[in-house]
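Remarks on the overall topology
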Amino acid sequence: MARRAAAPVGPLGDDFSFVSPVVKYVLFFFNLFFWTISMVMVAVGVYARLLKHAEAAMACLAVDPAILVIVVGILSFLITFCGCVGSLRENICLLRTFSVCLTIIFLLQLAAGVLGFVFSDKARGKVSEIINGAIVHYRDDLDLQNLIDFGQKEFSCCGGVSYKDWSQNMYFNCSATNPSLERCSVPFSCCLHDADQAVINTMCGHGMQTRSYLEASAFIHTNGCIDKLVNWIHSNLFQLGGITLGLALPQLVAIVLAQLLINQIQDQIQLQLYNQQHRADPWY
């Protein structure tokens, strides 16, 4: 039986491309999706800031949820812009910027998780510092106030370590010189509520800081939110791990796709250079 002759080997034609349309457009639409989300986040954050009173808004920038939304939205916008345009235009520089930024964010998330686990006491102290700062500015920011009330209701807690932490707030402070009508009180979100209660009594926490733990426990939650939060995290480690993995997996996929597309573009550039060099060859 005659052996089949081998196909001649030569330079690939100009119509051949190493760049896979599947990789290119999957990466493009992936970034386009998150690019749209980031623009919405920035718009919502800016709108929330504009609705606030200027003096109150400037008083607590460090604990303002709107600022956090704006910052995260801007960073996401810039990173996904690089990935979106870089994949569509096959721009190696933008794709590398996108890949490096995602890699840094992934490593920072990983480091934060490891450090939070290893240095749990310091992490607890940082959480306590953030909660105490939020308590101080409770009445200064409506978004922050709603966030604290939501947390205290969901975790059935009050304050950072205990309900008496609310004395750090100028309106709830228990000093004799405090003229506030809410002196020695706690927010209504600390109160015990019946399931069938239709109308919430917003003054239910009045004067609770003057009562002992045993007396106050009949009307409000006396345990602090820090312990409740730590216990909740310990009880939901697998669920939190799944959420973390769900957030990290798209990042890893995007990094792999970006690197794959970069390699394909580099191979295409080498092919074009090779073809250009051999066009002058009379045997080409």
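These figures come from a predicted structure and were not determined experimentally. (Residues numbered from 1 in each chain as written. Predicted model: local features only at pLDDT ≥ 70, side-chain atom pairs only at ≥ 80, totals over all residues. Heavy atoms only, no water.)

1. Examining the overall build of the chain
- When helices and strands are tallied, the chain shows nine helices and zero strands.
- When the helices and strands of the chain are listed from N to C terminus, the series reads α-α-α-α-α-α-α-α-α.
- Residues classed as buried in the chain amount to 32% of the 284 residues present.
- In the chain, the share of contacts with a sequence separation of at least 24, taken over all contacts with a separation of at least 6, comes to 69%.
- For the chain, the exposed area adds up to about 18100 Å²; of that, 68% sits on carbon and sulfur atoms. (Helix = DSSP H or I, 4+ residues; strand = E, 2+ residues; numbered from the N terminus. Buried < 20%, exposed > 50% of the residue type's maximum accessible area, 1.4 Å probe, protein only. Contact = heavy atoms within 4.5 Å. Areas by Shrake-Rupley, 256 points an atom, 1.4 Å probe, with all protein chains shown as cover.)

2. Quick look at helix H3 (residues 65-89)
- Over its 25 residues, H3 runs 36 Å from end to end, which matches the ideal 36 Å to within 8%, given 1.5 Å per residue.
- Turning to H3, its buried residues are Ala 66, Ile 70, Gly 73, Ile 79, Thr 80, Cys 82, Gly 83, Cys 84, Gly 86 and Ser 87.
- With its phi angle positive at about 55°, Glu 90 sits one or two positions after the end of H3. (Expected span 1.5 Å × (residues − 1).)

3. Focus: the environment of Asn 31
- Along the polypeptide, Asn 31 turns up in helix H1 (residues 21-50).
- Residue class for Asn 31 comes out buried when judged on its relative accessible area of 0%.
- The spatial distance from the C-alpha of Asn 31 to the C-alpha of Thr 80 is 5.1 Å, given a sequence separation of 49 residues.
- Excluding residues within four positions of it along the chain, Asn 31 makes contact with Thr 80, Gly 83, Cys 84 and Phe 98.
- From its side chain, Asn 31 meets the backbone oxygen of Leu 27 in a polar contact 2.7 Å long. (Polar contact = N/O pair within 3.5 Å; in protein donor to acceptor, adjacent residues only side chain to side chain.)

4. Let's talk about the side chain of Asn 178
- Within the secondary structure layout, Asn 178 lies in the loop between helix H6 (142-155) and helix H7 (213-216).
- With sequence-adjacent residues up to four places away left out, Asn 178 is seen in contact with Met 170, Tyr 171, Phe 172, Asn 173 and Arg 183.

5. Focus: the nonpolar core
- Residues Ile 148, Cys 158, Tyr 163, Trp 166, Val 186, Cys 190 and Ile 220 are the most contacted members of the largest nonpolar core, which totals 19 residues.
- If you list the elements that add at least two residues to this core, you get helix H5 (120-136) and H6.
- Among the elements that take part in this core, H5 stands out by supplying three residues, more than any other.
- Apart from residues lying up to four places away in sequence, Cys 158 is in contact with Gln 152, Tyr 163, Trp 166, Val 186, Cys 190, His 221, Thr 222, Asn 223, Gly 224 and Cys 225.
- Formed by 16 residues, the second largest nonpolar core is a distinct cluster that contains Val 19, Ile 79, Leu 257 and Leu 261. (Core = buried A, V, L, I, M, F, W, Y, C linked by side-chain atoms within 4.5 Å.)

6. Describing the side chain of Asp 165
- Take Asp 165: it is sitting in the loop between H6 and H7.
- Among the residues examined, Asp 165 registers a relative accessible area of 15% and is labelled buried.
- Within the structure, the side chain of Asp 165 is placed 2.5 Å from the backbone nitrogen of Val 161, a separation counted as a polar contact.
- Discounting residues that sit within four places of it in the chain, Asp 165 has contacts with Ile 135, Gly 159 and Gly 160.

7. Side note on the UniProt feature "transmembrane region" (unreviewed entry) in the chain
- As recorded in UniProt, the sites labelled "transmembrane region" (unreviewed entry) are residues 25-48, 60-88, 94-119 and 237-262.
- In residues 25-48, the share of helix is 100% and the share of strand is 0%. The end C-alpha atoms are 34 Å apart.
- Taken end to end, residues 237-262 comprises 100% helix and 0% strand; its first and last C-alpha atoms sit 37 Å apart. (UniProt positions renumbered as here; feature names shortened; annotations may be inferred.)

8. Considering the pattern of salt bridges
- The full count for this structure, using the stated rule, is two salt bridges.
- One salt bridge in this structure joins Lys 24 and Glu 90, with 3.1 Å as the shortest N-O distance. Pair noted here: Lys 24 is in helix H1 and Glu 90 is in the loop between H3 and helix H4 (92-118), with a separation of 66 residues, a long-range link.
- Note that Arg 139 is salt-bridged to Glu 182, the shortest N-O span being 2.4 Å. Of this pair, Arg 139 sits in the loop between H5 and H6 while Glu 182 is found in the loop between H6 and H7, placing the two residues 43 residues apart along the sequence.
- The partly exposed category is assigned to Arg 139, whose relative accessible area is 31%. (Salt bridge = Lys/Arg side-chain N within 4 Å of Asp/Glu carboxyl O.)

9. Side note on the confidence of the model for the chain
- Taken residue by residue, the chain gives an average pLDDT of 83. The fraction at 70 or more is 85%.
- Within the model, pLDDT remains below 50 along residues 1-10, and this stretch shows zero contacts once partners closer than five positions in the same chain are excluded. (pLDDT = per-residue confidence, 0-100.)

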